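Residue-level structure breakdown
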Amino acid sequence: MKIKELLTSRLGRKIFVSHLIVIGVGVVILLLTARLQAPYALNQHIRQMEHLIGESDVLRQNLMNTFQAALNEVLLIAASGALLAAVIISSFVAWRIVFPIRSMIKTVVQIADGDYRQRAHFVWDDEIGELAQNFNRMAEELHSTETRRIELIGNVAHELRTPLASMRSLMEGMIDGVLPADFSTYSAVQTELTRLQRLVGDLENLSQAESGQIKLNIKEFDLNNLLEQVVLRLKPQFSEKQIDLKIELPESALRVKADRERIQQVLINLLGNALQYTPPHGSVQIYAESKHDMIVCGVEDNGIGLSDSEIDQIFERFYRVDKSRSRVGGGSGIGLTIAHHIIKAHGGSLQAESPGLHRGSRFYFTLPLNN
Ligand code: ADP
């Protein structure tokens, strides 16, 4: 039992032993065949040579013995050579198979211990090489997920710190008698609480969106009608900042099959951003049109604009071009990430364009048209 375990507990030994068994069986068959078949074959040949050597039984026996001895000698040399070749070749084959697997096991253990930068090394382009390549891809994915997880915790902690610190200083001010315990102080605390509540709601939405679990309540509706409603709702805020809000819609209805609430959430995010990043006396336009079998809906402003590198990053979660600037307005850099996921879940896409900094920007999304 112990020998069996010793021979089968390692893949390299298994391959080595299996090769030896194959060659061993070959040698045994060869020897048996030679022992059983050779006397008969020799006898036949000697009988054919009788006219040359005469009918001497002694000579015939001598000839038989000599041939048998020579045959045994040759077979022994051949069997030893075959065995040696089998040992060398099977050791090489076993090493070739086992070496990359061992290196992969080492990497797997290191990754399981939390070192996500480790990669498996592969030398050959065979199935094991393919396995190592795919394993490395998986390790890459794990690494980026882990990096994003750590980043997310850092970002959430960072976002929570500001409203919490503000509330704490307001409370301390009241306790120390520096701030009056009146309406203005309480409403400042309430503003921070609202900000916290909004952040928690955004995080909830974000986690749903990123795990692909956005629940959509799909119904058919007219997008024109929704746009008019959203504009009516946000108009006072635009007027307050003296920003001209225009709406341009086609005359015929734009029928879509989508989640009305979610599309409204996207529109409010885009219009809210346009309001925030456009200086007073600027202008913002919201429009929608049908193109082939899609609807294109966008929000264009003549505000602070975006550089090319900023455009590449604005859909990443917690990304803000100017951290301090957005913080004043309460933005946490999650809105566009959620909007992007919502539109994607509807089978459309959300994109941004800008001719450059201080030259305005355009955010637009597509949705399949319901004919
Ligand atoms: P936030 O809550 O910070 O506005 P978003 O995800 O909605 O988060 O936007 C991410 C960032 O994209 C913003 O912080 C801002 O820097 C940039 N951004 C969004 N909309 C505009 C816009 N219309 N003009 C210029 N920059 C914008």
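These figures come from a predicted structure and were not determined experimentally.

Neighbouring the ligand are 21 residues; N273, D301, V321, G333 and L336 lie closest to it. For the ligand, an oxygen atom lies 3.4 Å from a polar atom in the side chain of N269. G333 has a polar backbone atom sitting 3.1 Å from an oxygen atom of the ligand. When the ligand sits alone it has 530 Å² of accessible area, and the protein chains cover 97% of it. With respect to the detected pockets, the ligand is housed in the largest pocket. Of all the secondary structure elements, the ones that give two or more residues to the shell around the ligand are helix 8 (260-276), helix 10 (323-329), helix 11 (335-345) and strand 7 (361-368). Looking at side-chain class alone, the shell around the ligand contains nine nonpolar, nine polar and three charged residues.

Further remarks concern the side chain of R317. Tracing the backbone shows R317 in the loop between helix 9 (308-313) and helix 10. Its relative accessible area of 15% is what places R317 among the buried residues. Side chain to side chain, R317 and E210 meet in a polar contact 2.9 Å long. In this view, R317 contacts R148, L152, L206, E210, G333 and T337; residues no more than four positions away in its chain are not counted.

With that settled, the discussion passes to the layout of surface pockets. Leftover empty space is mapped by rolling, across the atoms, a probe with the size of a water molecule. Here the largest pocket is characterised by a volume of approximately 1300 Å³. The wall of the largest pocket is formed by 48 residues, among which I268, N269, G272, N273 and G335 lie closest to the centre. Listing elements by their share of the lining of the largest pocket, those giving two or more residues are helix 6 (183-210), helix 7 (223-240), helix 8, strand 5 (294-301), helix 10, helix 11 and strand 7. Of the residues forming the lining of the largest pocket, the biggest block, 13 residues, is contributed by helix 8. The class makeup of the residues in the lining of the largest pocket is 21 nonpolar, 18 polar and nine charged. Split by domain, the residues of the lining of the largest pocket number at least three in each of domain 2 (144-210) and domain 3 (218-368).

The next subject is empty space enclosed by the protein. Following the criterion strictly, the structure yields two cavities of 30 Å³ or more and no others. Around the second largest cavity sit P100, F122, V123, W124, D126, I128, G129 and A132, which together line it. At three residues, the largest contribution of residues to the lining of the second largest cavity is made by helix 5 (residues 127-175). Each residue belonging to the lining of the second largest cavity can be placed in one class, and the counts come to six nonpolar, one polar and one charged.

A cluster of nonpolar side chains, F92, W95, F99 and V123, forms an exposed patch at the surface whose accessible area comes to about 440 Å². The topology assignment puts V123 in the loop between helix 4 (57-112) and helix 5. Note on V123: relative accessible area 57%, which makes it exposed.

One finds L223, I263, L267, L271 and F365 to be the most contacted residues of the largest nonpolar core, which totals 50 residues. Apart from the residues within four sequence positions on either side, L271 is in contact with V230, L234, F238, L245, V284, I286 and V299. In this structure, M104, A120, A132 and F135 belong to the second largest nonpolar core, which totals six residues.

Under the definition given, this model contains 11 salt bridges. E159 is paired through a salt bridge with R320; the nearest N and O atoms lie 2.9 Å apart. Taken together, the positions of E159 in helix 5 and R320 in the loop between helix 9 and helix 10 put the pair 161 residues apart, joining distant regions of the chain.

So, about the sheet that holds strand 6 (residues 350-353). Reading across the sheet, the five strands line up as 2-4-5-7-6 and stay open at both edges, with mixed pairing between neighbours. Each end of this open sheet is capped by a strand with a single partner; those strands are strand 2 (244-248) and strand 6. Across the sheet, the mean angle from the axis of one strand to that of its neighbour is 15°, orientation sign disregarded. As paired elements, strand 6 and strand 7 share four bridges and run antiparallel to each other. Bridging from a neighbouring strand, Q351 pairs with Y364 of strand 7. With respect to the sheet, helix 7 is in contact with strand 2, strand 4 (283-291) and strand 5, its orientation differing from that of strand 2 by roughly 175°. Against the sheet, helix 8 touches strand 2, strand 4, strand 5, strand 6 and strand 7, its axis set at about 170° to strand 7.

Turning our attention to the domain arrangement of the chain. Interface size is commonly expressed as the accessible surface area that is lost when the partners come together. Split by domain assignment, the chain resolves into domain 1 (3-112), domain 2 (144-210) and domain 3 (218-368). Inter-centroid distance (C-alpha atoms) of domain 1 to domain 2 is 79 Å.

Each value, and the rule that gives it
Residues numbered from 1 in each chain as written. Predicted model: local features only at pLDDT ≥ 70, side-chain atom pairs only at ≥ 80, totals over all residues. Heavy atoms only, no water. Near = heavy atom within 4 Å. Polar contact = N/O pair within 3.5 Å; in protein donor to acceptor, adjacent residues only side chain to side chain. Areas by Shrake-Rupley, 256 points an atom, 1.4 Å probe, with all protein chains shown as cover. 1 Å grid on protein atoms, 1.4 Å probe; cavity = no way out; pocket = protein on both sides within 12 Å on 5 of 7 lines; lining within 4 Å. Sits in = over half its atoms within 2 Å of the grid points. Helix = DSSP H or I, 4+ residues; strand = E, 2+ residues; numbered from the N terminus. Nonpolar A, V, L, I, M, F, W, Y, C, P; charged D, E, K, R; others polar. Buried < 20%, exposed > 50% of the residue type's maximum accessible area, 1.4 Å probe, protein only. Contact = heavy atoms within 4.5 Å. Points joined across faces, edges and corners; volume = space filled by probe spheres on them. Domains from an automatic or database assignment. Patch = residues over 30% accessible without salt bridge, like charges linked within 9 Å, V, L, I, M, F, W, Y side chains within 5 Å. Salt bridge = Lys/Arg side-chain N within 4 Å of Asp/Glu carboxyl O. Core = buried A, V, L, I, M, F, W, Y, C linked by side-chain atoms within 4.5 Å. Pairing = 2+ DSSP bridges. Axes fitted to C-alpha atoms, helices over the stretch in contact; angles between N-to-C directions.

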